[in-house]
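Survey of secondary and tertiary structure
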Amino acid sequence: MPRELVAIAPRTPVLREYTEPPLGPSQVRIRTQFASPKHGTQLAHYRDEPATHWVYDRTWGCTLPRTPEEAARAFPRRLGNMAVGVVTEVGPVVTRFKPGDRVFGHLPIRETHTVPESWVDPLPDGLSPEAAVCLDPAVMALAMRDAGIRLGDRVAVFGLGAIGLMAVQLARLAGADLVIGVDPIPLRREVAQWLGADVVLDPREGDGDVGLAIRKLTMPAEMPQEPPPRRHVLGGYWETPQQVGERGVDVAVEASGNPRALHDAIRATRFGGTVCVLSFYGRDAAGVWLGNEFHRNRLQIISCRAESLPLRDAPGWTLQRLVEVALRWLVSGRLRTDGIVTPIVPFEEAAEAFRYIDEHPEQCIKLGVKFT
């Protein structure tokens, strides 16, 4: 019998057997060749973190506590986010594929898939399986369009996982003059430099105040160290000239899911700048101080999520358009995936590897699972 990777309880991954369902008229059956999970949101569910105990209610437009029935369905949970494979059978009314075609799509980590033909797409010529499973982080990072990075901007990306590494490249493609990557993991900083970051910083170095370090790094040489004095104005108010406004980045992209990184991103952003939040936070945002730089520097914090529809600039932009752009850039090499999918393990070791990426993030960026 074929097997699949599932979490049978929080932090408990196993390979279990399943029964192949009958092939429907408009379905295709796929033998998996390569697959990968989504490290951020999926790991939060795998750990059963507090934020996953709430369910988004489309009627109210907010999250509500999950019901006991929903809690009971939380596990077992299939693991995996994208897969590449070969079509082995097709239903009688399938028109898009034939046996032998290579396809990819949002599918869990299992040996076979029996799904509607609309759930998968042809694997483009020249696109490796490792690059194909990076389509999801590329699309998620493309949501940072909402932050409005402009030509010549300074950008800092906090969190250099798969999405953050895509964000580093997209900031450069958007015309950023300076791209700073921030992550405590040496492996991720090394890949960020390889993919085009001008500077990479370890937030733990020095006194641990990476926000201030970025302000010092971006201070114009001709700017005085001390700001001009405050001036008294009508009514007893004090006017403080914001000549220090150029210190800091124009846009900070938070892609780590760590609340401390969100605080650092706020602290690193110039007066009137933008903090773009791509992350899902599994826990409360302890350590985020909104009474300091956020309050005084008139910052804009914007939530950017590709799957929250309609997009801000709809109807010109849709999720389909984001996907098409990301896929073209992956195929053409404008978006590179060198070093992102690591480690790569055989399917037989997938359960152990999934546990390992949770417990040892310093050794991985995006797990790849190879099938024989």
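Description of the structure in this document. The structure displayed is predicted, hence computed values, not measured ones. (Residues numbered from 1 in each chain as written. Predicted model: local features only at pLDDT ≥ 70, side-chain atom pairs only at ≥ 80, totals over all residues. Heavy atoms only, no water.)

Before going further, it helps to spend a moment on the overall build of the protein chain. In terms of regular secondary structure, the protein chain is built from eleven helices and 20 strands. Relative to a compact globule of 372 residues, whose C-alpha radius of gyration would be 21 Å, the protein chain shows 23 Å and is just as compact. Judged by the C-alpha coordinates and their principal axes, the protein chain covers about 80 × 45 × 40 Å. Taken over 372 residues, the protein chain has a buried fraction of 48%. For the protein chain, the share of sequence-separated contacts (at least 6 apart) that also reach a separation of at least 24 residues comes to 67%. Put simply, the protein chain shows about 18,600 Å² of open surface, and 53% of that area lies on carbon and sulfur atoms. Between the mean site of the 43 positive side-chain charges and the mean site of the 45 negative ones, the protein chain shows a separation of 3 Å. (Helix = DSSP H or I, 4+ residues; strand = E, 2+ residues; numbered from the N terminus. Rg over C-alpha atoms; globule rule 2.2 N^0.38 Å. Buried < 20%, exposed > 50% of the residue type's maximum accessible area, 1.4 Å probe, protein only. Contact = heavy atoms within 4.5 Å. Areas by Shrake-Rupley, 256 points an atom, 1.4 Å probe, with all protein chains shown as cover. Lys, Arg positive; Asp, Glu negative; His and termini not counted. Charge placed at Lys NZ, Arg CZ, Asp CG, Glu CD.)

Taking 1.5 Å of rise per residue, 14 residues should cover 20 Å, and helix α10 (residues 319–332) covers 20 Å from first to last C-alpha, within 8% of that figure. Buried within α10 we find Leu-322, Val-325, Ala-326, Trp-329 and Leu-330. Burial along α10 is one-sided: seen end-on, the buried residues are contained in an arc of 130°. Looking one or two places after α10, you find Gly-333, whose phi comes out positive at around 90°. (Expected span 1.5 Å × (residues − 1). Arc of directions from axis to C-beta.)

Let's shift gears to the sheet that holds strand β17 (residues 269–277). On the basis of which strands lie adjacent, the open sheet formed by six strands has the order β13-β12-β11-β16-β17-β18 and parallel pairing. Edge strands, defined here as strands with exactly one partner in the open sheet, are β13 (199–201) and β18 (300–303). Across the sheet, the axes of successive neighbouring strands diverge by a mean angle of 20°, strand direction being ignored. Looking at chain direction, strand β11 (residues 154–158) and strand β16 (residues 249–254) are connected through four bridges and run parallel. Across the sheet, Val-157 pairs through a bridge with Val-253, a residue of β16. Lying on the sheet, helix α7 (residues 210–217) is in contact with β11, β12 (178–182), β13, β16 and β17; it crosses β12 at an angle near 160°. (Pairing = 2+ DSSP bridges. Axes fitted to C-alpha atoms, helices over the stretch in contact; angles between N-to-C directions.)

Before going further, it helps to examine the side chain of Asn-81. You can see Asn-81 is positioned in the loop between β6 (77–78) and β7 (82–90). Asn-81 gets classed as buried once you look at its relative accessible area, which sits at 12%. Setting aside chain neighbours within four positions, we find Asn-81 in contact with Ser-36, Pro-37, Lys-38, Gln-42, Gly-105, His-106, Leu-107 and Asp-136.

Bringing the pattern of salt bridges into the picture now. A full pass over the atoms with the stated rule returns 25 salt bridges. Between Arg-270 and Asp-250 there is a salt bridge, with the nearest N and O atoms lying 2.6 Å from each other. Of the two residues, Arg-270 is situated in strand β17 and Asp-250 in strand β16; the sequence distance between them amounts to 20 residues. In this structure, a network of salt bridges that share partners links the residues Glu-4, Arg-16, Arg-78 and Arg-110. (Salt bridge = Lys/Arg side-chain N within 4 Å of Asp/Glu carboxyl O.)

Turning next to the pairing of strand β2 (residues 12–17). When strand β1 (residues 3–9) meets β2, the two strands line up antiparallel, connected through six bridges. Residue Ala-9 lies in a different strand from β2, and its bridge partner there is Thr-12.

What follows is about the sheet that holds β1. Pairing within the open sheet is antiparallel, and its three strands lie in the order β2-β1-β6. Looking at the sheet topology across the chains shown, the edges are occupied by β2 and β6. Each of β1 and β2 is contacted by helix α11 (residues 350–359), which is oriented at about 160° to β2, the strand it contacts most.

Below, the discussion takes up the packing of α7 against helix α8 (residues 259–268). One can describe the packing of α7 onto α8 by two numbers: an axis separation of 7 Å at closest approach and a directional angle of 30°. When the axes of α7 and α8 are compared, the pair comes out roughly parallel. Every pair of crossing elements has a handedness; the one defined by α7 and α8 is right-handed. Of the residues in α8, those in contact with Val-210, Gly-211, Leu-212, Ile-214 and Arg-215 of α7 are Asp-264, Arg-267 and Ala-268. Residues that form the contact of α7 with α8 fall into these classes: four nonpolar, one polar and three charged. (Parallel < 35°, antiparallel > 145°, perpendicular 65-115°, else oblique. Left-handed = near helix turned anticlockwise from the far one by under 90°. Nonpolar A, V, L, I, M, F, W, Y, C, P; charged D, E, K, R; others polar.)

A few words on the environment of Val-139. Relative to the assigned elements, Val-139 resides in helix α4 (residues 135–142). Excluding residues within four positions of it along the chain, Val-139 makes contact with Ala-306, Leu-319, Leu-322, Val-323 and Ala-326.

Met-144 and Val-253 are the most contacted members of the largest nonpolar core, which has 56 residues in total. Those elements that place two or more of their residues in this core are β7, α3 (129–132), α4, β11, α5 (162–173), α6 (186–194), β16 and α10. A total of seven residues in this core trace back to one element, the largest contributor, which is α5. Ranked by size, the runner-up nonpolar core spans 30 residues in total, among them Leu-5, Ile-30, Ala-83 and Val-87. (Core = buried A, V, L, I, M, F, W, Y, C linked by side-chain atoms within 4.5 Å.)

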